[in-house]
Amino acid sequence: MDTNRLSSTLAKELNAQMTNEAHNAQIYLAYAAWASGQGYDGIANFLFRHENEERNHMMKILEYILKRGAKVVVSPIPGPGPNPKSVNDCFEKVFKSEVENTSNIYKIVEMSMKEKDWATWNFMQWFVKEQTEEETLAIDLMDKIKIAGGEKATDSVLYALDRDLQTTPDEAVLAQDVSVEKP
């Protein structure tokens, strides 16, 4: 008996997104290793935590595909690309990667709406919120680096940023969570 409840197009896109999440994990892993090699252990710690988060996203999608009765296709993961040239470049690349990931997620959301696959649409809402958070976090970090001098940030400022990122929460405050009492 066939228990698949995903269309072939949605199954294909979800499998592709699973690979995208693995690719993003590779990017974070490579950048974390780069940061550690540069002596930025706080930045590396932050990036290693996000690498793990991306792998968890990959597993969520894999599990969803299985639970919907479709076939999981494990594809090769593209390489992460060149190492960053600076801390500023690192977080600009992180932001770019997250924006690309958001576009891929929106594509699946749109497809699930067109196909009236409400289970997939509902499942993907978690990823929509997560991507809003990821982009916000990347923008917040780029803003801090910009204030610190961007590409011209001094070693002492980068040292302070590195120490801050050691303990920076992995979640960003989102607009929908803000109130007058709790800005």
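Remember, predicted model here, so these are calculated numbers, not experimental data.

**Student:** Can you break down the pattern of salt bridges residue by residue, with the values?
**Tutor:** In total, this model carries seven salt bridges according to the counting rule given. One salt bridge connects Glu 63 with Lys 67, and the closest N-O pair in it is separated by 3.4 Å. One end of the pair is Glu 63 and the other is Lys 67, both in helix α2 (residues 41–67) and four residues apart, which spans about a single turn. The class of Glu 63 is partly exposed, set by a relative accessible area of 37%. For Lys 67, a relative accessible area of 58% translates into the label exposed. Here Lys 93 makes a salt bridge to Asp 89, at a shortest N to O gap of 3.8 Å. Of the two residues, Lys 93 and Asp 89 both sit in helix α3 (residues 87–114), four residues apart, roughly one turn of that helix.

**Student:** How would you explain unusual backbone geometry if you had to name every residue and give the values?
**Tutor:** A negative phi angle is the norm for most residues apart from glycine, just as the trans form is the norm for most peptide bonds. Phi at Lys 116 is positive, roughly 55 degrees, even though this residue is not glycine. Within the secondary structure, Lys 116 sits in the loop between α3 and α4 (118–147).

**Student:** Residues and numbers for the packing of α2 against helix α5 (residues 155–167), please.
**Tutor:** At a minimum axis distance of 6 Å, the contact between α2 and α5 shows a crossing angle of 35 degrees. Here α2 runs over α5; the crossing is left-handed. Of α5, the residues touching α2 (which contributes Asp 41, Gly 42, Ile 43, Asn 45, Phe 46 and Arg 49) are Asp 162, Leu 165 and Gln 166. Of the residues contributing to the contact of α2 with α5, the split by class is three nonpolar, three polar and three charged.

**Student:** Please provide a residue-by-residue account of the packing of aromatic side chains, values included.
**Tutor:** Following the criterion strictly, the structure yields four aromatic pairs and no others. Where Tyr 64 meets Phe 123, the ring centres are 4.0 Å apart and the plane angle is 10 degrees; that geometry is what we call stacked. Residue Tyr 64 is found in helix α2, and its partner Phe 123 is found in helix α4; the two are separated by 59 residues along the sequence. The class of Phe 123 is buried, set by a relative accessible area of 17%. Counting every residue linked through ring pairs, the aromatic cluster contains Tyr 64, Phe 123, Trp 126 and Phe 127. In this arrangement the basic side chain of Lys 60 is found over the ring face of Trp 126, its NZ or CZ atom lying 4.4 Å from the centre.

**Student:** Outline the nonpolar core, supporting the account with residue identities and numerical values.
**Tutor:** Formed by 24 residues in total, the largest nonpolar core has its most connected members in Ile 43, Leu 47, Val 87 and Phe 91. Breaking this core down by element, the ones donating at least two residues are α1 (8–37), α2, α3, α4 and α5. Ranked by residue count, the leading element in this core is α1, at seven residues. Listed in part, the 21 residues of the second largest apolar core include Ala 11, Ala 22, Leu 62 and Tyr 64.

Scoring rules and cut-offs
- Residues numbered from 1 in each chain as written.
- Predicted model: local features only at pLDDT ≥ 70, side-chain atom pairs only at ≥ 80, totals over all residues.
- Heavy atoms only, no water.
- Salt bridge = Lys/Arg side-chain N within 4 Å of Asp/Glu carboxyl O.
- Helix = DSSP H or I, 4+ residues; strand = E, 2+ residues; numbered from the N terminus.
- Buried < 20%, exposed > 50% of the residue type's maximum accessible area, 1.4 Å probe, protein only.
- Axes fitted to C-alpha atoms, helices over the stretch in contact; angles between N-to-C directions.
- Left-handed = near helix turned anticlockwise from the far one by under 90°.
- Contact = heavy atoms within 4.5 Å.
- Nonpolar A, V, L, I, M, F, W, Y, C, P; charged D, E, K, R; others polar.
- Phe/Tyr/Trp six-rings, centres within 6.5 Å; stacked < 30°, edge-to-face > 60°.
- Lys NZ or Arg CZ within 6 Å of the ring centre and 35° of its normal.
- Core = buried A, V, L, I, M, F, W, Y, C linked by side-chain atoms within 4.5 Å.

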